[in-house]
Structures are given as structure tokens and as C-alpha cells.
Amino acid sequence: MASKILKVRVDRERCQGHARCFALAPELFELDQFGNGRERGDGTVSAALEAKARLAQSNCPELAVEVTEE
Amino acid sequence: MGNRPPAADWATDFDHLDPRWTENPYPIWDELRRSCPIAHTERFMGAYFPSRYEDVRAIAYDTEHFSSRRVVVRETRQSFPPAPPITSDPPAHRPAKQVLLPAFTPEMISRHEPRTRDICRELLDRIGDRKRCDGAVDYAQEIPVRVIAHMLGVPETDADQFRKWIKEILEIGITDISVLLRAQDEMIAYFADKIAARRTNPRDDLIGYLINARAEDKPLSDEHVIGTLRLLMIAGIDTTWSAIGSCLWHLAQHAQDRRRLAAEPALMGAAVEEFLRAYAPVTMAREVVKETQIAGCTFKPGHMVLLSFPAANRDPAMFPDADRVIIDRAENRHAAFGLGIHRCIGSNLARMEIRVALSEWLGRFPEFRLDPDAPVTWSVGTVRGPRRLPLLLGA
Ligand code: HEM
Ligand code: SF4
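Residues numbered from 1 in each chain as written. Chains lettered and ligands numbered in written order. Predicted model: local features only at pLDDT ≥ 70, side-chain atom pairs only at ≥ 80, totals over all residues. Heavy atoms only, no water.

Mind showing me how you'd approach the interface of chain B and chain A here?
One frequently used descriptor of interface size is the decrease in accessible area upon assembly of the parts. Each side of the interface is counted separately: chain B has 21 residues, and chain A has 19 residues. Buried surface at the junction of chain B and chain A, summed over both partners, amounts to about 1600 Å²; 48% is from carbon and sulfur atoms. It is Pro106, Arg333 and Arg343 of chain B in chain B that bury the most area against chain A; as a group they hold 31% of the surface buried on that side. Between chain B and chain A we count 1 salt bridge in total. For Arg20 of chain A, the salt bridge identified is with Glu273 of chain B, shortest N-O distance 3.6 Å. (Contact = heavy atoms within 4.5 Å. Buried area = accessible area lost by both parts, 1.4 Å probe. Salt bridge = Lys/Arg side-chain N within 4 Å of Asp/Glu carboxyl O.)

Sorry if this is basic, but what is going on with the coordination of the iron atom of ligand 1 here?
In a perfect tetrahedron of four donors around a metal, the angles come out at 109.5 degrees. In a perfect octahedron of six, they are 90 or 180 degrees. Exactly one donor from the protein chain reaches the iron atom of ligand 1: Cys344 of chain B (SG), at 2.2 Å. With respect to the helices and strands, the residue Cys344 of chain B is situated in the loop between α17 (309–312) and α18 (347–364). (Donors = N, O, S within 2.8 Å, 3.2 Å for Na, K, Ca; no water. Helix = DSSP H or I, 4+ residues; strand = E, 2+ residues; numbered from the N terminus.)

Help me understand the side chain of Ser246 of chain B, please; the structure alone is not making it clear to me.
Counting through the fold element by element, Ser246 of chain B comes out in helix α14 (residues 238–253). Ser246 of chain B has contacts with Tyr279, Trp378, Arg384, Gly385 and Pro386 of chain B, leaving out every residue within four places of it along the chain.

How do you make sense of helix α3 (residues 26–35) of chain B when you look at a structure like this?
Every α-helix carries 3.6 residues per turn, so stepping three or four residues along brings you back to the same face. Those residues of α3 of chain B not exposed but buried are Tyr26, Ile28, Trp29, Leu32 and Arg33 of chain B. Down the axis of α3 of chain B, the smallest arc covering the buried residues is 155°, so these residues share one side. (Buried < 20%, exposed > 50% of the residue type's maximum accessible area, 1.4 Å probe, protein only. Arc of directions from axis to C-beta.)

Would you mind showing me how to read the packing of aromatic side chains here?
Aromatic rings in a pair are described by how distant their centres are and how their planes are angled relative to each other. All names here are of chain B. For the structure shown, the criterion picks out 19 aromatic pairs over all chains. One aromatic cluster in this structure is built from Trp10, Phe14, Trp21, Tyr26, Trp29 and Phe49. Across the ring face of Phe368, the terminal group of Arg258 is positioned such that the distance to the ring centre comes to 5.5 Å. The positively charged end of Arg384 is found above the aromatic ring belonging to Trp378, 4.2 Å away from the centroid. (Phe/Tyr/Trp six-rings, centres within 6.5 Å; stacked < 30°, edge-to-face > 60°. Lys NZ or Arg CZ within 6 Å of the ring centre and 35° of its normal.)

Could you clarify how one ought to interpret the pairing of strand β10 (residues 304–308) of chain B in this entry?
Residue and element names in this part refer to chain B. The buried fraction of β10 is high, at 5 of 5 residues. Taken together, the 2 bridges between strand β2 (residues 47–50) and β10 define a ladder with parallel strand orientation. Within β10, the position partnered with Tyr48 by the bridge is Val305. Sheet topology places strand β7 (residues 283–288) next to β10; 5 bridges connect them, and they run antiparallel. Within the sheet, the bridge partner assigned to Glu287 lies in β10 and is Met304. (Pairing = 2+ DSSP bridges.)

Help me understand the site of ligand 1, please; the structure alone is not making it clear to me.
Residue and element names in this part refer to chain B. In the vicinity of ligand 1 there are 29 residues, among which His93, Lys97, Arg286, His342 and Cys344 approach most closely. Between Pro85 and ligand 1, the recorded distance is 3.4 Å, taken from a backbone N or O atom to an oxygen atom. Here Arg286 contributes a side-chain N or O atom positioned 2.8 Å from an oxygen atom of ligand 1. Contributing elements (two or more residues each) for the shell around ligand 1: α5 (93–98), α13 (222–236), α14, β7 and α18. Take the shell around ligand 1: its biggest share by element is 4 residues, from α13. Class assignment for the residues of the shell around ligand 1 results in 19 nonpolar, 7 polar and 3 charged. (Near = heavy atom within 4 Å. Polar contact = N/O pair within 3.5 Å; in protein donor to acceptor, adjacent residues only side chain to side chain. Nonpolar A, V, L, I, M, F, W, Y, C, P; charged D, E, K, R; others polar.)

I would appreciate a short explanation of the sheet that holds strand β1 (residues 38–41) of chain B in the present structure.
Residues and elements named next belong to chain B. An order of β1-β2-β10-β7-β3 is seen for the 5 strands of this open sheet, with the pairing classed as mixed. Strands at the two margins of the open sheet, each flanked by one partner only, are β1 and β3 (66–67). Where β1 lies against β2, 4 bridges are found, and the strand directions are antiparallel. Each bridged residue has a counterpart across the sheet, and for Thr41 the counterpart in β2 is Ala47. Across the sheet, helix α4 (residues 53–61) is in contact with β1, β2, β3, β7 and β10; its angle to β10 comes to roughly 120°. (Axes fitted to C-alpha atoms, helices over the stretch in contact; angles between N-to-C directions.)

If you want it as C-alpha cells, here you go:
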């Protein structure tokens, strides 16, 4: 049985560049040249960073940060 | 603003210039959220006041029915020169905003952190070993104006002039249009002059950046550049000064938060967000341009909406213990910088300034409290913060 993989994703349509995700979890998010957020790489979250992923999700005013399990 | 009849009833006759609202608006908003979540007034030629987070969000997202062409609730419906992007609606909004965004990313803003820190230290040196000072006048109000002057590349000594214009536009101008128009003309002439100077003598500052910027592959017109510069100045100064002042006001009265913050600098980020939530300084406005319904209330075209991000931030349906300041609040989707397409361009700058201002202050004055013999006064209008903040310094 494979263990679940946690992923973060920024919904580009919703994101307005509040940059909270990047401030709280720079390991998981980056900003483009306009300051809008996006997940780093394919968004995979290591177990050590799960709390940070949830923190970013809880602080995005536009509800643009998604945390999913695959 | 002296001779206004007092608001008879907040639900049907609200007046955000009423002295009771200026003094302490939070109980009024709490009461409205329970009794009449979308209040209305015949004042200001008709305006609505939503007090719940979900309604404020719905209106901020709905650019079809709610236009930004008027962003201040005034006594008249006079037209003003545009200040893109804040007065822009889609589709013009996006290109006007994109042009500014690259200059305001956290990375670009971090370049101004050393100057900001120096400004704070200079101000603290000036207070020196005095036993009392005014946290608003001697400190908070001096920081953003100098930082923005530094970014624009104009003399920091023009700061007094900038603050005078802003007061005339944001406070006096709500009721006295002639003062507003004069201030506006003076600002336009000031920036036209700076633009002309840079056309002959290019400089690497924010004004130079705008002159060279292109939106949809065309350079910006001088009118656009001037409008944006006026906006940056009006939006960037007393907003942030108010935020810094409110933080000091809170810390002066809450020894536990003050000591915890001085002892655990890592908490500063979360604390700043919580201060921004609880004491959000900026209320915006929209004009209803198409009839619509929200929460069972009909919004009539021609009426204004007072769009209170500060009231949204105090909604207990969104924030548990909304009226308590919890400096390590873990979940905080506050709307102090707005929601949707008009999200504050200066949010990264403002956050940097507040963080630096507080940590420098606490480094110098870990102990301070309100002066019991001198009253705190608050600004009138849609930017809320202390204008006099007499403090006693030291244990
Ligand atoms: C604590 C300080 C600040 C607060 C609370 C604040 C708040 C806001 C809010 C609520 C909006 C949304 C307007 C709307 O929805 O109509 C806004 C927009 C804006 N702010 Fe700020 N602001 C602050 C500081 C600054 C600074 C320092 C600057 C720049 C120097 C700035 C520049 C702008 C601009 C240009 C817009 C228009 C954005 C747009 O329409 O897309 N603000 N601000
Ligand atoms: S916090 Fe939300 S809105 Fe802000 S940059 Fe991240 S995803 Fe975008």
C-alpha cells in the first residue's frame, strides 16, 4: 500500500498576490515577477513541511492555496 | 465636519464621520452585524454599509455591479481625474496594475528595508532619552512618507508638504471640495515637474520606472503616470502610518503582548498580520452601477457602498474571538489589504515598514504606556489610526 502524497497547488485564477503563502512557506511556494504565488516544482510536500502547507492554506485571503492528497 | 446632525440610528442613518464612529466604531459594527448586516443611509446621496465578511467579499469580487470609478463616499458625486488602477474597472484595471506590480514584489521591497531601518533609527535618536513622546506624531507619521519619498526619488524634506496634501484630500476634502481640488492641482503640478526633470535627466527611481513602463506595449501617458503617482502617495502614506500607530497603541496597553514580542522576534510576522486584522486602517468604497441583491438587500444604482475591510475583519463568523487580539493567531485570512483584483499593491511594502518600525521601536523602548494625562485622538474618515498618541517611555 503506497502512502499518500501531499501536494500544494495555487489556483492561478484566484490568486491575487497577497504573498502570504510565500511568506509562511517559502520552501513550498514562489512568486512570479508580478508577485503572484505558485507552488514550487510539482507541489509535493514532504512530511516535515505538512504543517507549513496547512498554515499557508489557512492564511490565503483568496482561498487560492489547495492542499490535496493523492 | 463640525455641524453634522448626529446619526439617529446606525442601521438607517449611519454616518462614518459621526464622532462616536471615529472614537470607537467596533461596537457599532458588532451591533449592525447582529441587527442589520447591510445598513443604509440617505446621507452622502445614499450609501450602504455591509458589516459581514462574506458580504464585503462578495462586493469586492463583483466588479460587474460595483464600480471602482468612485472609491470615496463623499457629500457630492463630483468627478475626479482617474488614479489607475484603484479607480479602474475591468478590462482597463489589469494592464494598469500589471505595470506597477514588478516594482512592489517582496524581493524589490526588501531593497528599501535598510533605508527604512535607518529612518526609524533617526526618529528614535531624535526622541532620545525623553520620558514622553507622541508615538503618532514623532514616529509613525514620519516613516511611510519618508520611505515613499525615498522610493520615488524626491527629497525626504518634502514630507510635510505630502502630509498636508493628504490631509486636505482624505480628511478635509470629504466635506470641503474646494480644498481637495486645490491640493489635487498642486500635486499634479508637483509631479508634472518631476516627470519633466526625468525626461531630460533619467533617474533610477519609481518615477523613472513609470516613465519607462509600457502597458499593452505602449508607454503610459503623462496623465496616467501622474494619476498613479498621486495614488501611490495617497495610498502609501497615512494608511501605513495609521497601521504603525495602531500597533503602538495596542502594545502600549498590553504589556503581555509587548513583552512577548520583544522576547520572541519570530512572532513578529504573525503579530503584524493580527494587528492588521484587528485594526485594519483602510475602508474603501464602490458605486453601484447595476441593480443587484446581496444577502436579501437590493443595491440601487447611483448609491455608494462603504466597503469596510475593517468591519469584515471583526466578523466572528470568519474569525473566532474576532474582538480579541491574538498575536499568534494561526488561521488569519484577513482582508486589510482588500480582496479580489484591487488587492493592495503596497501590501509587501506596508508589511515591511510595520515590521521594521515595530522591531526598531521595541529594541529601543521595550517598555512604554499611554500617558494618562493626554488623550489619544483618531483620524476622521476612511483611513483609521491614531493622530495623537501620547506615550510615557520607560518602566
Ligand atoms: C497598512 C497599509 C495599507 C493598507 C491597510 C492598504 C489597504 C488597501 C486596500 C484595502 C486596498 C484595496 C482597494 C479596493 O479594494 O478598492 C488598497 C489598494 C491599493 N493600495 Fe494599499 N494599503 C496600504 C498601504 C499601501 C502602500 C504602502 C501603497 C503603495 C505605496 C499602497 C498602494 C495601493 C494601491 C496602488 C492600490 C490600488 C490597487 C488596485 O486597485 O489594484 N497601499 N490598499
Ligand atoms: S497567499 Fe494566496 S493570494 Fe497570496 S500569493 Fe499566495 S496564493 Fe496568491
